[in-house]
Structures are given as C-alpha cells and as structure tokens.
Amino acid sequence: MYPIEAIRKDFPILTQRIHSNPLVYLDSAATTQKPQCVIDALVDSYSRTNSNIHRGIHSLSQISTDLYEQARERVRAFINAPQSKEVIFTKSVTESLNLLACSFGEAYVGEGDEIILSAMEHHSNLVPWQMMCERKKATIRFVPLFESGELDIETYKTLFSKRTKLVSIAHVSNSLGTVNPIKEIIEIAHAHKVPVCVDGAQSVQHTPIDVQALDCDFFAFSGHKIYAPTGIGVLWGKEQWLNALPPYQGGGGMIKTVSLAHTEYNVLPFKFEAGTPNYVDAHALGVALEYVQSIGIQEIEKHEHTLITHATKRMQHIEGLHIIGNAPNKAGAISFTVHGAHPADIGMILDKKGIAIRTGTHCTEPIMQFYNIPATARVSFGLYNSMEEIDFFADTLQKVVHMF
Ligand code: PMP
C-alpha cells in the first residue's frame, strides 16, 4: 500500500487553507512542494554549516564542500550516471539547456548545419537553440505532432541529413503529458551518429531515469520539480562530450591557472561551474532525491499512474470538457479546455474552492498554435496527491463546467 497519509504529513504546506478550503495542489508540473526534510536541510545549512566551498581550509568550508560533492554523488546515483564529475550543477533546466546550446553551438555548429527539436518543446528547449542557430546561421528541423499529442516518429526518421549536429527533445511534455519514446528517439539519432539531449524536466520526478540504459548524451532537469528548492538544476553529459565542449561562463572556480594573457580551464565538473555555486540548494536537492528514493520512484510512478488514469476517466465524463493530448502513455499532467469558457476563468473558480491548477500556454506557445487554442487549463500531479483530491477536483470541475 502506498503510504499516502504519511507522505502528506511530510509536506507542511499541504495543511494550508485557501479561501477557507483545504489546499488541493494540482500544479506540481510548474513546481513541486517541499517535504520537511528539504526545508530542514536549508535551515540547517544556514544555521550550522554555511561557508563558501572549494576555496577554504577551515572546517566549515570543508563540511560545506563535502555536502556539495555528496549532493553531486546523489544526483549521479539517482540517474545512474557513470561518474559524478559528469554532473554539472546549474540553476535550472533552462540554464542547463542554455549552457548546452551555447557551448555545443560554439564548438560543433556552423553555417548551414541543422539540429532537430520537436514541435512540443518547452520554450526553454526551443529559444536557446533558436538564438544559437541565428548566431550560427544554422537551421532547426522539427519533429511534428499528431492530434493525439504524440510525436510523428516516422517523419523524425526522415529529418536527418549529413548536416544534423544534435537532437534535443523532451522526455515528457509539460503541456500534454505525453511520454515520448525517448529510447527509440535516441537509437534513431545514434544510428546517424548524432548526439541527443533529453529535457528531463517532467520525467525525472515521475519515472526511473537511467542515463546509461537510455544512452542519451545529455540529460537536464530542475531541482524544484523534484521536491528540491528553486535555483538548482542539473546538466549531466557524457564525459567525452563535456570534455570536448568549451566553458559556458568564465570566472572563479572554472580555472586551473590564470595569467593576464591566458587561462587554463579546470577539469570536469568545475569547468562548467563558474563562480560560487548554489551549494546550499544543491545539498537540499541531494536530500530531496534521498526522500524520493525512500518512497521509491517505481512506487511513485505506480501511484501517479493510478491518479492520472482515474482523473482522465472522470474528466472524460464531463460534457463540454475536451482533453488536449490523448497519447496512450502519459505522465504527470492533463491539459483541457472547456467549451465556452476561458481556461483562466476555470482556474479562478477552482481556486475559490482551494484547488490550485495552472492555466495559460505553459511556455509551449507552438503547441497552442498547433491545436489552434489560446491556452489550456492543466492539472498536474505529485507524489503527495490522493485519490480523494482527484475526486474533489473532478466533482468541483463538473459543477464549474455546468455553469458555463
Ligand atoms: N522543460 C520542460 C518540459 C518544463 O516543463 C520546464 C518547466 N515548466 C522547463 C523545461 C523549464 O524548467 P525551469 O523553469 O525549471 O528551468
């Protein structure tokens, strides 16, 4: 039995009341709530161990450095990366993808070259590549979407040319909930000797990730979507790629030696971590990953699958409600529209009942253009959501839809 009651007690925010109603938090795809152990890790760091890392010989600096490097090792283990030096701490998946677009673009992309993205990418896995391609006079080719919210893999196979340098694709869509066949996507790219970056922002918290089994070349995720604080993220990359890429930012920590004329760069992972890193939130990320592991990512996946299946069934029975994205394999989120109502109105009325959902374009404007809709309402799930919450949401939504 999934210990939902005990889990919910770990999250102090879940006892909040919103407009006098118990909070029903269905917005975890935007950001997850934090368990007490993560909050404690932050308080403890600032109360007992805070000191800048890597540069001090005093005790606190050493403790702080150890906690930071322990967090890196926890990330490595969580995604089953071969080596912790391949784990680069960033501030978010957005920064991870900007890092990669800049560094990879600088080293490997020239005029007339091509990269492949999909039509369902979050803006953060689109705009950095557009910026890079504009600089380099390169082109982006897009894997198209089907109406179901799935990627057209047959067309994807035809997008490769001798000029293709990289594929970067979301594992799970934040707007549609589609789980993409990422292993197949990677295998197809590798058959063309093209490396693949996986945007794991919406997968790492819902399903076990094994970067070696996937054989992806890069994997990016954000701490705040996996029960850790904001301001910390990860870019994992295969050692040979990271060694070959130029640094993204210059400054302290990323250097071996500096003279006025020349700088020799540091080894991995430090080459990509210029300046004082966010060592406190990195430590809290390590604690969050341990927390997730203490429940079991497979158990979480099963529980969330039950939630999403139940929510989908209930929503399918609401007349006038239209689910956007009906892929057979979905995780984390369900987007929908309601005939005759703007999603923002739905979100506002649900909020009065204490139900937090997100409305808008979810940083995926091209998806809205594809479906020819201005926005969607989106419910998304975390390890702390209960079946009772789903039923309360569905009952309330049914009444709201009838109003319109
Ligand atoms: N990619 C996907 C699929 C996302 O869902 C998000 C966040 N909504 C991002 C990238 C960007 O994440 P962040 O804002 O944490 O950088």
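Above this text you will find the structure in question.
Residues numbered from 1 in each chain as written. Predicted model: local features only at pLDDT ≥ 70, side-chain atom pairs only at ≥ 80, totals over all residues. Heavy atoms only, no water.

1. Description of the overall build of the protein
Reasoning step 1: A count of helical and extended segments in the protein gives 14 helices and 17 strands.
Reasoning step 2: Taken along its principal axes, the extent of the C-alpha atoms in the protein is 70 × 55 × 35 Å.
Reasoning step 3: Across the 404 residues in the protein, those meeting the buried criterion constitute 56%.
Reasoning step 4: Long-range contacts, defined as pairs at least 24 residues apart, comprise 72% of the intrachain contacts of the protein with a sequence gap of at least 6.
Reasoning step 5: By element, 54% of the accessible surface of the protein is carried by carbon and sulfur atoms, the whole surface being about 17,000 Å².
Reasoning step 6: The average position of the 34 basic charges and that of the 42 acidic charges among the side chains of the protein differ by 2 Å. (Helix = DSSP H or I, 4+ residues; strand = E, 2+ residues; numbered from the N terminus. Buried < 20%, exposed > 50% of the residue type's maximum accessible area, 1.4 Å probe, protein only. Contact = heavy atoms within 4.5 Å. Areas by Shrake-Rupley, 256 points an atom, 1.4 Å probe, with all protein chains shown as cover. Lys, Arg positive; Asp, Glu negative; His and termini not counted. Charge placed at Lys NZ, Arg CZ, Asp CG, Glu CD.)

2. Here's the deal with the site of the ligand
Reasoning step 1: By nearness alone, every residue bordering the ligand is listed as Ser92, Val93, Thr94, His122, Ser124, Asn174, Asp199, Ala201, Gln202, Ser222, His224 and Lys225.
Reasoning step 2: Between the ligand and the protein, one listed contact pairs a nitrogen atom with a side-chain N or O atom of aspartate 199 at 2.6 Å.
Reasoning step 3: The side chain of glutamine 202 places a nitrogen or oxygen atom 2.7 Å from an oxygen atom of the ligand.
Reasoning step 4: Protein burial of the ligand: of its 390 Å² of free accessible surface, 87% is covered by the chains.
Reasoning step 5: Residues that form the shell around the ligand fall into these classes: two nonpolar, eight polar and two charged. (Near = heavy atom within 4 Å. Polar contact = N/O pair within 3.5 Å; in protein donor to acceptor, adjacent residues only side chain to side chain. Nonpolar A, V, L, I, M, F, W, Y, C, P; charged D, E, K, R; others polar.)

3. Here's the deal with the pairing of strand S8 (residues 196-199)
Reasoning step 1: A two-sided burial pattern is seen for S8, the buried positions comprising Val196 and Val198 on one face and Cys197 and Asp199 on the other.
Reasoning step 2: Handedness of the crossover joining strand S7 (residues 164-170) and S8 through helix H7 (residues 182-191) is recorded here as right-handed.
Reasoning step 3: As defined by bridge partners, S8 adjoins strand S9 (residues 218-222) across three bridges and the pair is classed as parallel. Considered in S9, the bridge of cysteine 197 is made with phenylalanine 218. (Right-handed = clockwise from strand over helix to strand, strands pointing away. Pairing = 2+ DSSP bridges.)

4. A closer look at the sheet that holds strand S16 (residues 358-360)
Reasoning step 1: Across the sheet, four strands lie side by side as S13-S14-S17-S16; this open sheet has antiparallel pairing. Here the strands that pair on one side only, and so sit at the sheet edges, are strand S13 (321-324) and S16. Recorded for the sheet is a direction-independent mean angle of 30° between the axes of neighbouring strands.
Reasoning step 2: Direction of pairing for S16 relative to strand S17 (residues 376-380): antiparallel, over a ladder of three bridges. Paired with threonine 359 across the two strands is alanine 377, which belongs to S17.
Reasoning step 3: Most of the contacts of helix H11 (residues 297-316) go to strand S14 (residues 333-338), to which it runs at about 10°, and overall it touches S13, S14 and S17. (Axes fitted to C-alpha atoms, helices over the stretch in contact; angles between N-to-C directions.)

5. Focus: the pairing of S14
Reasoning step 1: Of all six residues in S14, six are buried; the element is thus mostly enclosed.
Reasoning step 2: Both faces of S14 are covered, namely the face carrying Ala333, Ser335 and Thr337 and the face carrying Ile334, Phe336 and Val338.
Reasoning step 3: As paired strands, S13 and S14 are joined by four bridges and run antiparallel to one another. Opposite leucine 321, over in S14, you have valine 338 as the bridge partner.
Reasoning step 4: For S14 and S17, the ladder comprises four bridges, and the chain directions are antiparallel. Note on S17: the bridge partner recorded for isoleucine 334 is valine 379.

6. A few points about the packing of aromatic side chains
Reasoning step 1: Evaluated as defined, the whole model comprises 14 aromatic pairs.
Reasoning step 2: Seen in terms of ring centroids, phenylalanine 11 and tyrosine 227 are 6.0 Å apart; in terms of plane orientation they differ by 70°. Their pairing is edge-to-face. Of this pair, phenylalanine 11 sits in the loop between helix H1 (4-9) and strand S1 (17-18) while tyrosine 227 is found in the loop between S9 and strand S10 (233-237), placing the two residues 216 residues apart along the sequence.
Reasoning step 3: Ring geometry for tyrosine 108 versus tryptophan 241: centroids 5.3 Å apart, planes at 80°, classification edge-to-face. With tyrosine 108 in helix H4 (residues 93-108) and tryptophan 241 in helix H9 (residues 239-244), this residue pair connects regions lying 133 residues apart in the sequence.
Reasoning step 4: The exposure class of tryptophan 241 is buried, given its relative accessible area of 17%.
Reasoning step 5: One aromatic cluster is present, built from ring pairs that chain together Phe11, Tyr25, Tyr227, Tyr291 and Tyr384. (Phe/Tyr/Trp six-rings, centres within 6.5 Å; stacked < 30°, edge-to-face > 60°.)

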